[in-house]
Amino acid sequence: NAGVTQTPKFQVLKTGQSMTLQCAQDMNHEYMSWYRQDPGMGLRLIHYSVGAGITDQGEVPNGYNVSRSTTEDFPLRLLSAAPSQTSVYFCASKLAGAPNIQYFGAGTRLSVL
Amino acid sequence: AQSVTQPDIHITVSEGASLELRCNYSYGATPYLFWYVQSPGQGLQLLLKYFSGDTLVQGIKGFEAEFKRSQSSFNLRKPSVHWSDAAEYFCAVGARSGGYNKLIFGAGTRLAVHP
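Residues numbered from 1 in each chain as written. Chains lettered and ligands numbered in written order. Predicted model: local features only at pLDDT ≥ 70, side-chain atom pairs only at ≥ 80, totals over all residues. Heavy atoms only, no water.

(A) The layout of surface pockets, seen in detail. Approximately 570 Å³ is the volume attributed to the largest pocket. Every residue lining the largest pocket is counted, 30 residues in all, and those nearest its centre are Gln37 and Arg109 of chain A together with Gln38, Glu88 and Arg110 of chain B. Per-class residue counts for the lining of the largest pocket are twelve nonpolar, 13 polar and five charged. (1 Å grid on protein atoms, 1.4 Å probe; cavity = no way out; pocket = protein on both sides within 12 Å on 5 of 7 lines; lining within 4 Å. Points joined across faces, edges and corners; volume = space filled by probe spheres on them. Nonpolar A, V, L, I, M, F, W, Y, C, P; charged D, E, K, R; others polar.)

Written out as structure tokens, the structure is:
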């Protein structure tokens, strides 16, 4: 049972480049989300999805796009990377209708030069 | 506004010593509370959670936490720390945001363990 899988683990981008961070879960969880982790700030919610075809913004959505075409996958897209997006990104999933037992992936460490 | 405060950014303890990590929250309703641990280069692992009932909750790896409503606190404790406990610890509160139950995290406490 793989749980929540994120790829890649590390990525270096130049300013203005685009890329997609992949997230997949095999637990049939309805809810998925993306957080970013910055020193001294904990984790902050970027975008979330409550089911296939349904997404919404979290606390820090600017510069990021998401889509949810399947229950399993929830990719995060950076259309034009900026140095301020240097961070560690975590994907999480949970069952709908339950208190927040969220399961996290191992993270993607992104550097934007 | 909902928030979580972890007053200690860094804590250093000796192996075998007791540990208490502090967490204070601000939330209008009865909170769902969590402690997660992040080992170096790893994702977040759930240590324990409080939803309701007994205010002293037991978690994995010998950790426990006590919910004190009067103090808006959910401090994490361990009676005897092991070197493998060196990690970053995050307290979080579950909050309703539109149609989603999100987590609001504290800034984290980094624990170092001396042999």
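(B) Layout of the nonpolar core. Among the nonpolar cores identified, the biggest contains 28 residues, and Leu19, Trp35, Leu47, Leu48, Phe74, Leu76 and Tyr89 of chain B are the most heavily contacted of them. Sorting the residues of this core by element identifies β2 (10-14), β3 (19-21), β5 (32-38), β6 (44-50), β8 (64-68), β9 (73-78), β10 (87-97) and β12 (109-114) of chain B as the ones contributing at least two each. In terms of residue count, β10 of chain B provides more of this core than any other element does, five residues in total. Excluding residues within four positions of it along the chain, Tyr89 of chain B makes contact with Gln6, Leu21, Trp35, Tyr36, Val37, Leu47, Phe63, Leu76, Gly108, Thr109 and Leu111 of chain B. Grouped together as the second largest cluster of nonpolar side chains are 18 residues, Phe74, Leu76, Ala81 and Val112 of chain A included. (Core = buried A, V, L, I, M, F, W, Y, C linked by side-chain atoms within 4.5 Å. Buried < 20%, exposed > 50% of the residue type's maximum accessible area, 1.4 Å probe, protein only. Helix = DSSP H or I, 4+ residues; strand = E, 2+ residues; numbered from the N terminus. Contact = heavy atoms within 4.5 Å.)

(C) Geometry of the pairing of strand β11 (residues 108-112) of chain A. Residue and element names in this part refer to chain A. Where burial is concerned, the two faces of β11 differ: the one with Thr108, Leu110 and Val112 is buried and the one with Arg109 and Ser111 is not. Pairing of strand β2 (residues 10-13) with β11, which is carried by four bridges, proceeds in the parallel orientation. Within the sheet, the bridge partner assigned to Phe10 lies in β11 and is Arg109. Pairing between strand β9 (residues 87-94) and β11: three bridges, direction antiparallel. (Pairing = 2+ DSSP bridges.)

(D) Looking closely at the environment of Gln85 of chain A. Residues and elements named next belong to chain A. Mapped onto the elements of the fold, Gln85 is located in the loop between β8 (76-78) and β9. With 39 residues separating them along the chain, Gln85 and Ile46 place their C-alpha atoms 11 Å apart. With sequence-adjacent residues up to four places away left out, Gln85 is seen in contact with Arg36, Asn62, Gly63, Tyr64, Leu78, Ser80, Leu110 and Val112.

(E) Inspection of the pattern of salt bridges at higher detail. Residue and element names in this part refer to chain A. In this structure the tally under the stated criterion is seven salt bridges over all chains. Residue Asp38 pairs with Arg36 through a salt bridge whose shortest N-O separation is 2.8 Å. On the basis of relative accessible area, Asp38 is assigned to the buried category, the value being 10%. By relative accessible area, Arg36 is classed as buried at 9%. Taken together, the shared-partner salt bridges connect Arg36, Asp38 and Arg44 into one network. (Salt bridge = Lys/Arg side-chain N within 4 Å of Asp/Glu carboxyl O.)

(F) Quick look at the environment of Leu56 of chain B. All names here are of chain B. Here Leu56 shows up in strand β7 (residues 56-58). Taking the C-alpha atoms as reference points, Leu56 and Gln45, eleven residues apart in sequence, are found 20 Å from one another. In this structure Leu56 touches Glu64, Ala65, Glu66 and Arg77, once residues within four positions along its chain are discounted.

(G) Spatial organisation of the side chain of Arg36 of chain A. Residues and elements named next belong to chain A. Of note, Arg36 is situated in strand β4 (residues 31-38). Within the local environment of Arg36, its side chain forms a polar contact with the side chain of Tyr64, the two groups lying 2.9 Å apart. The residues contacting Arg36, other than those within four sequence positions of it, are Gly42, Leu43, Arg44, Ile46, Val60, Tyr64, Ser84, Gln85, Thr86, Ser87, Val88 and Tyr89. (Polar contact = N/O pair within 3.5 Å; in protein donor to acceptor, adjacent residues only side chain to side chain.)

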